[in-house]
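This is what each chain is made of:
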Amino acid sequence: MSALLKMHRVHKLFTPAFARSVSEAAKYPKITTHYTLNPREKDERWKDVDMERCVEEVDIVIVGGGPAGMSAAIRAKQLAAEKDQEIRVCVVEKAAEAGGHILSGAVIDPISLNELIPDWKEQGAPLNTPVSKDTFSFLTETGRIPIPIFKGWPMDNHGNYVVRLGHLVKWLADQAEALGVEIYPGCAASEVLFHEDGSVKGIATNDVGIAKNGAPKETFARGMELHAKTTIFAEGCRGHLSKQIMQKFGLNAGSEPQTYGIGLKEVWEISPERHQPGLVEHSIGWPLDRFTYGGSFLYHLNEPTPTIAVGFVVGLNYRNPWISPFQEFQRFKTHPKVRHVFENATRIGYGARAINEGGFQSLPKKLSFPGGCLVGCSAGFLNVPRIKGSHYAMKSGMLAAESALEAINEGTQTTAGVEPVTYADKIKESFVWKDLYKVRNVHPSFHNPLGLYGGLVLSGFSIFMGGREPWTLKHGPQDHESLQPANVSPRIVYPKPDGKISFDLLSSVALTGTNHEGDQPPHLTLKDDRIPVDHNLAIYEGPEQRFCPAGVYEYVPNEEGGNMKLQINAQNCIHCKTCDIKDPKQNINWVVPEGGGGPAYNGM
């Protein structure tokens, strides 16, 4: 590759300008056709297209139908009913059905559910597996060293439940609809709308019927505008619109930059004799090196068949560009102390999702803004050492609903969009804030010269202190800044999958049920089509080929240009957002595809 670049520079010096422009077009074929980077008002193909949208007026619109969004909707309707008040609450969800894009471990703390729906057991909530046993281990290449779990420490799961979170979200959606919440699945929120005074007015859903080349098709239809007094953003980690809101209103000013991990997960049906419903196992160590943050989980569910959920998390601040989180996960399952679980078993599900790991330091300094607020993982409410965030998401949604209704009913604000001004104070007075403050130094403790070993000592001290130490550690460089050049990094050669315990990427993606309309502009947009080849491939050997858990990105020969080019297989995208986070130049911007596209998870 370096020889090709040198030849290109010499050739450029002695080539006429016109010839150079033709050569440049061949070397860097156009990849991004999405209207967010190719304005339609400047495109003749859109000249006579009717761009008017229909409008719906509501009281509260919630973007995202996960635990936070559904809890906000339910709480808003509960509070309105207590006051004998009629309000219109809408949830916009990009998945084809509620829970279809949800992926989590998951062991859930029921504290928020107990508050939101006290009789959830009688109502049939799918919490069928109380935790019966907890283990935590350090894996060497061939062995396992137990690490004690003390009562009350973050890894203690006494009183929690192993769940399939997508099923719980679907159940929450049923409860919300029973209260009169309007849920619009298959509708992706693609744009934030603003009043003339700059406050948030609501959202618009995505247009449909746009061809891959960016032109309108005969089936083109404009999205809908939902205007609301208050808009609650509950998109999950690295939300497309939440990212814009944070930037426009400066919500992160003064906060540590968010840091992330990628969580990969499989669901298996195993041999009955190896199945222990309620068993929760976590590990750190092998196969990761001591400077790469991450670990595994393995949960035994109480289902009609002997089912387990197994997963692996890799911190996205890893340094070595040859790392493939997917391959590390496959390698983990072959460990001699683990692989027996998967023998004579059947893999029935796969998926992946980015998760927030920044904790307390990375929470936005402002959680609300004129016209709305951020809740759940959109704000970063996740407890890294507990590996939990669903109960925080639910609580934050409930508090946002309370604050929004207070502000709407008071009617004293000067902006057109109503800001839930008491929301941040409610969060700070809740267990969400207190919990995250206690463990604020656990994750950054691993940024030390000894890596994992030093991190275990320092984080253990922080947990022992209960967060009372008089300092707050920083996270260091952002995830996209952490990669070292490929030529100074040890190359990793992963073993070939055996098709029984370890698998290839494409057969794994097939289990996600992922489907997108093929003839639409790729929703993985590039700000500059040159950067993948000139920067990512030249310096890091194309890391997007490895950090993507769905085979979306690959470098292929460019016959016309005589070089390599990036090919984006957008139809494979499982909406994990890893590329939006880890891309070294922050050149990739994930935007929503047509609503209903993406994975079709069944209780992931």
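Every value quoted in this text rests on a predicted model; they were computed, and no experiment measured them.

Basis of the calculations
- All residue numbers refer to positions counted from 1 along the written sequence of the respective chain.
- This being a predicted model, a pLDDT of at least 70 is required before a residue's local features are given, and a value of 80 or more before pairs of side-chain atoms are given or counted; all residues contribute to the totals for chains, interfaces and linings.
- Heavy atoms from the whole structure form the basis of all side-chain values; hydrogens and water molecules are not counted.
- For every element, the axis is a line fit to its C-alpha atoms; helices are fit only across the contacting stretch, and the angle between N-to-C directions ranges from 0 to 180 degrees.
- Strands here mean DSSP runs of E at least two residues long; helices mean DSSP runs of H or I at least four residues long; both are numbered from the N terminus.
- A contact between two residues is defined here by any heavy atoms of the two lying within 4.5 Å.
- Classification used: nonpolar for Ala, Val, Leu, Ile, Met, Phe, Trp, Tyr, Cys and Pro, charged for Asp, Glu, Lys and Arg, polar for all others including Gly.
- Domain ranges listed in this record stem from an automatic or a database domain assignment.
- Buried area is understood as the total, over both parts, of accessible area removed when two parts are fitted together, assessed with a 1.4 Å probe.
- Between Lys or Arg on one side and Asp or Glu on the other, a salt bridge is scored when a side-chain nitrogen of the former is within 4 Å of a carboxyl oxygen of the latter.
- The term polar contact refers here to a pair of N or O atoms within 3.5 Å; inside protein, the definition further demands a hydrogen-donor-capable atom paired with an acceptor-capable atom, and it admits residues adjacent in sequence only when both atoms are side-chain atoms.
- UniProt positions are given in the numbering used here, feature names are shortened, and annotations may be inferred rather than shown by experiment.

Attention now goes to the packing of helix α8 (residues 390-410) against helix α10 (residues 431-438). Running from N to C, α8 and α10 cross one another at 145°; their axes reach a closest spacing of 10 Å. Counted together, His-391, Tyr-392 and Lys-395 of α8 and Phe-431, Val-432, Asp-435 and Leu-436 of α10 form the full contact between these two elements. Across the contact of α8 with α10, the residue classes break down as 4 nonpolar, 1 polar and 2 charged.

Of note, the bond from Gly-105 into Ala-106 is cis; its omega dihedral lies within 30 degrees of zero at -5°. The residue Ala-106 is located in the loop between β2 (89-93) and β3 (107-108) in this model. A cis amide bond links Trp-286 to the next residue, Pro-287, at an omega of 10°. Within the fold, Pro-287 resides in the loop between β15 (279-285) and β16 (294-301). Positive phi, close to 50°, is recorded for Gln-586, a residue that is not glycine. Within the secondary structure layout, Gln-586 lies in the loop between α15 (578-582) and β24 (588-590).

Our focus in this paragraph is the domain arrangement of the chain. Each assigned domain of the chain is listed here: domain 1 (26-39 + 481-590), domain 2 (55-439) and domain 3 (443-473). Put simply, the middle of domain 2 and the middle of domain 3, counted by C-alpha atoms, are 26 Å apart. Facing 15 residues of domain 2, the contacting portion of domain 3 comprises 19 residues. Interface area for domain 2 against domain 3, summed over the two sides, is near 1500 Å², with a carbon-plus-sulfur share of 67%. For domain 2, the biggest contributors to the area lost against domain 3 are Trp-153, Arg-290 and Tyr-293; these three give 35% of the whole. Across the domain 2-domain 3 interface, the total number found is 0 salt bridges. On the surface where domain 2 and domain 3 come into contact, there are 5 residue pairs in polar contact (both at pLDDT 80 or more). Those elements that provide at least two residues to the side of domain 2 that touches domain 3 are β15 and α10. A breakdown of the residues in the side of domain 2 that touches domain 3 according to their chemical character gives 8 nonpolar, 4 polar and 3 charged.

Okay, the UniProt feature "domain: ETF-QO/FixX C-terminal" (unreviewed entry) in the chain next. Sequence positions flagged by UniProt for "domain: ETF-QO/FixX C-terminal" (unreviewed entry) are, in local numbering, residues 499-602. From the first C-alpha to the last, residues 499-602 spans 22 Å; its make-up is 24% helix and 17% strand.

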